[in-house]
Amino acid sequence: MKIILSGGGTGGHIYPALALAEVIRKHEPDTEFLYVGSERGVESNIVPSTGMPFEKLTVQGFKRSFSLENIKTVSLFLKAVKEAKKIIKDFNPDVVVGTGGYVSGAVVYAAQRLHIPTVIHEQNSVAGVTNKFLSRGATKIGVAFDVALSQFPKDKVFVVGNPRAQQVASIKSNFSWQQIGLSDEKPSLLIFGGSQGAPPINFAVIDAMQEFNKRNYQVVIVTGPKRYENVLDRLTTQPADNVRILPYIENMPEVLAKTSAIVSRAGATSIAEITALGIPSILVPSPYVTGDHQTKNAQSLVDAGAALMITEPALSGKALLLAADSLLLNDSVSKTMTEQAKNVGIRDAGDRLYALILDAIGE
């Protein structure tokens with residue numbers, strides 16, 4: 001097969017596409033891929049580093065209030081569609097798969113105009129603007145959450161999960177907490193606000209540090225590289241032997257596999273990883289995302305008994321500590337939440353999306 005993948009802007013759009021490619025290669029090793037991303041998006045660094053061929057388009061997002069910049073946005077989109085058509089004709093794919101972001105809008109729309117099968121994948125519980133725009137012309141649509149089904153044409157949408165879940169579930173972890181001076185025998189709480197860190201989560205940890213120091217479980221806080229020094233400067237209580245403060249973790253999937261519970265944002269990738277591994281979680285949704293989709297992502301896990309949620313306005317050192325204790329000091333609660341998280345997770349999501357792609361090609 002020949003497949004064009006397109007998704008950009010955030011890792012939440014890029015990593016599912018790369019995870020899908022990994023799954024497809026296991027089924028069909030000779031598959032040729034071309035990734036089309038945006039010139040300024042993080043995909044322009046992430047994708048080429050994997051060795052996958054990469055083409056760039058120039059796009060930008062719409063301003064939510066009236067702005068003359070939106071005229072430029074439309075102009076760039078139309079130009080990107082024209083360029084995407086040329087790329088598509090040159091590569092001659094069997095299918096074009098979009099995973100979200102403005103760049104995928106231009107690429108998938110161009111493929112639809114050329115009557116090439118298209119599949120779009122929605123990772124969040126609230127459909128993005130791009131995927132809603134593309135849905136009418138899409139051949140097939142895969143979603144990660146049941147609640148997203150009603151947001152797309154019902155005759156072509158299916159729950160497939162997030163391919164990132166299958167990728168993480170298949171990892172064999174050799175990580176040991178001893179590598180950072182902790183014990184493999186104690187429960188471990190990982191507090192992670194995303195690759196750049198999340199100041200509200202960091203500040204709550206600082207407030208709770210004195211009490212975390214007294215716990216018989218371990219606490220690892222990942223601050224984000226640019227926020228590490230600020231966290232250290234704000235500490236009034238130094239971390240005890242059961243606490244570690246780190247700027248970043250390179251091998252996150254391997255660390256997650258050995259984690260007893262996690263505090264994190266509720267982005268699509270985080271949810272996929274947490275549920276694939278069955279990790280009890282305390283989710284602190286970011287309120288700064290489109291459609292407040294992280295809150296809805298988190299609520300889907302809370303409703304299933306797979307997570308606790310603390311909204312950002314309610315987040316404090318005390319609230320964080322109470323939630324952490326309820327998971328790490330109560331074996332029955334932790335065990336139940338582990339089972340429910342695994343029930344929510346779709347560990348064969350990549351295979352499901354691959355099957356949907358084959359259906360699209362066959363139509």
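Residues numbered from 1 in each chain as written. Predicted model: local features only at pLDDT ≥ 70, side-chain atom pairs only at ≥ 80, totals over all residues. Heavy atoms only, no water.

- Quoted verbatim from the Sequence similarities (unreviewed entry) field of UniProt, the annotation for the protein is "Belongs to the glycosyltransferase 28 family. MurG subfamily."
- UniProt, in the comment section headed Subcellular location (unreviewed entry), describes the protein in these words: "Cell membrane". (UniProt positions renumbered as here; feature names shortened; annotations may be inferred.)

1. Quick look at helix H14 (residues 349-362)
Stage number 1. The end-to-end C-alpha separation of H14 is 20 Å, in line with the 20 Å expected for 14 residues at 1.5 Å each.
Stage number 2. In the core, the buried residues of H14 are packed alongside helix H1 (11-27), strand E4 (95-98), strand E5 (118-122), strand E6 (140-143), strand E7 (157-159) and helix H6 (163-169). (Helix = DSSP H or I, 4+ residues; strand = E, 2+ residues; numbered from the N terminus. Expected span 1.5 Å × (residues − 1). Contact = heavy atoms within 4.5 Å.)

2. Section: unusual backbone geometry
Stage number 1. For His115, which is not a glycine, the phi torsion comes out positive at approximately 60 degrees.
Stage number 2. Within the secondary structure layout, His115 lies in the loop between helix H4 (102-113) and E5.
Stage number 3. The exposure class of His115 is exposed, given its relative accessible area of 72%.
Stage number 4. Positive phi, normally seen in glycine, also occurs at Asp292, with a value near 50 degrees.
Stage number 5. Relative to the assigned elements, Asp292 resides in the loop between strand E12 (281-283) and helix H11 (293-303). (Buried < 20%, exposed > 50% of the residue type's maximum accessible area, 1.4 Å probe, protein only.)

3. So, the side chain of Glu122
Stage number 1. When you line up the elements, Glu122 lands in strand E5.
Stage number 2. For the buried residue Glu122, which engages in no salt bridge, the nearest side chain bearing the opposite charge is Lys132, 8.9 Å off.
Stage number 3. At 3.0 Å, the side chain of Glu122 forms a polar contact with the backbone nitrogen of Asn124.
Stage number 4. Once residues within four sequence positions are removed from consideration, Glu122 is found in contact with Ala127, Gly128, Asn131, Gly142, Val143, Ala144 and Phe152. (Lys, Arg positive; Asp, Glu negative; His and termini not counted. Salt bridge = Lys/Arg side-chain N within 4 Å of Asp/Glu carboxyl O. Polar contact = N/O pair within 3.5 Å; in protein donor to acceptor, adjacent residues only side chain to side chain.)

4. What to know about the domain arrangement of the protein
Stage number 1. For the protein, the assigned domains are domain 1 (2-162 + 347-361) and domain 2 (170-344).
Stage number 2. Taking only C-alpha atoms into account, the centre of domain 1 sits 30 Å from that of domain 2.
Stage number 3. On the domain 2 side, the residues contacting the ten residues of domain 1 number twelve residues.
Stage number 4. Regarding the contact of domain 1 and domain 2, the summed buried area is about 970 Å², with carbon and sulfur atoms giving 57% of it.
Stage number 5. It is Val126, Phe145 and Arg347 that lose the most area in domain 1 upon contact with domain 2, and together they represent 43% of the buried surface on that side.
Stage number 6. On inspection of domain 1 and its partner domain 2, the count reaches four residue pairs in polar contact (both at pLDDT 80 or more).
Stage number 7. Residue classes in the side of domain 1 that touches domain 2 are distributed as two nonpolar, six polar and two charged. (Domains from an automatic or database assignment. Buried area = accessible area lost by both parts, 1.4 Å probe. Nonpolar A, V, L, I, M, F, W, Y, C, P; charged D, E, K, R; others polar.)

5. What about the UniProt feature "binding site: UDP-N-acetyl-alpha-D-glucosamine" (unreviewed entry) in the protein?
Stage number 1. Here, UniProt's "binding site: UDP-N-acetyl-alpha-D-glucosamine" (unreviewed entry) annotation points to Thr10, Gly11, Gly12, Asn124, Ser195, Ile249 and Gln294. What stands out for the annotated residues spanning 285 residues is how far apart their C-alpha atoms range, the widest pair being 24.4 Å apart.
Stage number 2. With a relative accessible area of 9%, Ile249 lands in the buried category.
Stage number 3. If sequence neighbours within four positions are ignored, Ile249 has contacts with Leu190, Val222 and Val255.

6. Structural notes on the side chain of Thr269
Stage number 1. If you trace the backbone, Thr269 turns up in helix H10 (residues 268-277).
Stage number 2. Ignoring any residue separated from it by four or fewer positions in sequence, one finds Thr269 in contact with Gly11, Gly12, Asn162 and Arg164.

7. What about the sheet that holds E6?
Stage number 1. Spatially, E3-E2-E1-E4-E5-E6-E7 is the arrangement adopted by the seven strands of the open sheet, whose pairing is parallel. Each edge of the open sheet carries a strand with a single partner, namely strand E3 (54-57) and E7. Looking at each pair of strands side by side, their axes are set apart by 20 degrees on average, direction ignored.
Stage number 2. Pairing geometry for strand E1 (residues 2-6) and strand E2 (residues 32-38), over five bridges, is parallel. In the sheet register, Leu5 faces E2, and the bridge partner there is Tyr35.
Stage number 3. Along the sheet, H1 contacts E1, E2 and E4; its crossing angle with E2, the most-contacted strand, is approximately 175 degrees.
Stage number 4. H4 contacts E1, E2, E3, E4 and E5 of the sheet and is inclined by roughly 155 degrees relative to E4. (Pairing = 2+ DSSP bridges. Axes fitted to C-alpha atoms, helices over the stretch in contact; angles between N-to-C directions.)

8. Regarding the pairing of strand E9 (residues 218-222)
Stage number 1. With five of five residues buried, E9 lies mostly within the body of the structure.
Stage number 2. Burial along E9 is two-sided: the face carrying Gln218, Val220 and Val222 and the face carrying Val219 and Ile221 are both buried.
Stage number 3. Strand direction decides the pairing type here: strand E8 (residues 188-192) and E9, joined by five bridges, are parallel. Bridged to Ile191 within E9 is Ile221.
Stage number 4. The β-α-β motif built from E8, the intervening helix H7 (residues 199-212) and the parallel element E9 has right-handed crossover chirality.
Stage number 5. Direction of pairing for E9 relative to strand E10 (residues 243-246): parallel, over a ladder of four bridges. Within E10, the residue paired with Ile221 across the bridge is Ile245. (Right-handed = clockwise from strand over helix to strand, strands pointing away.)

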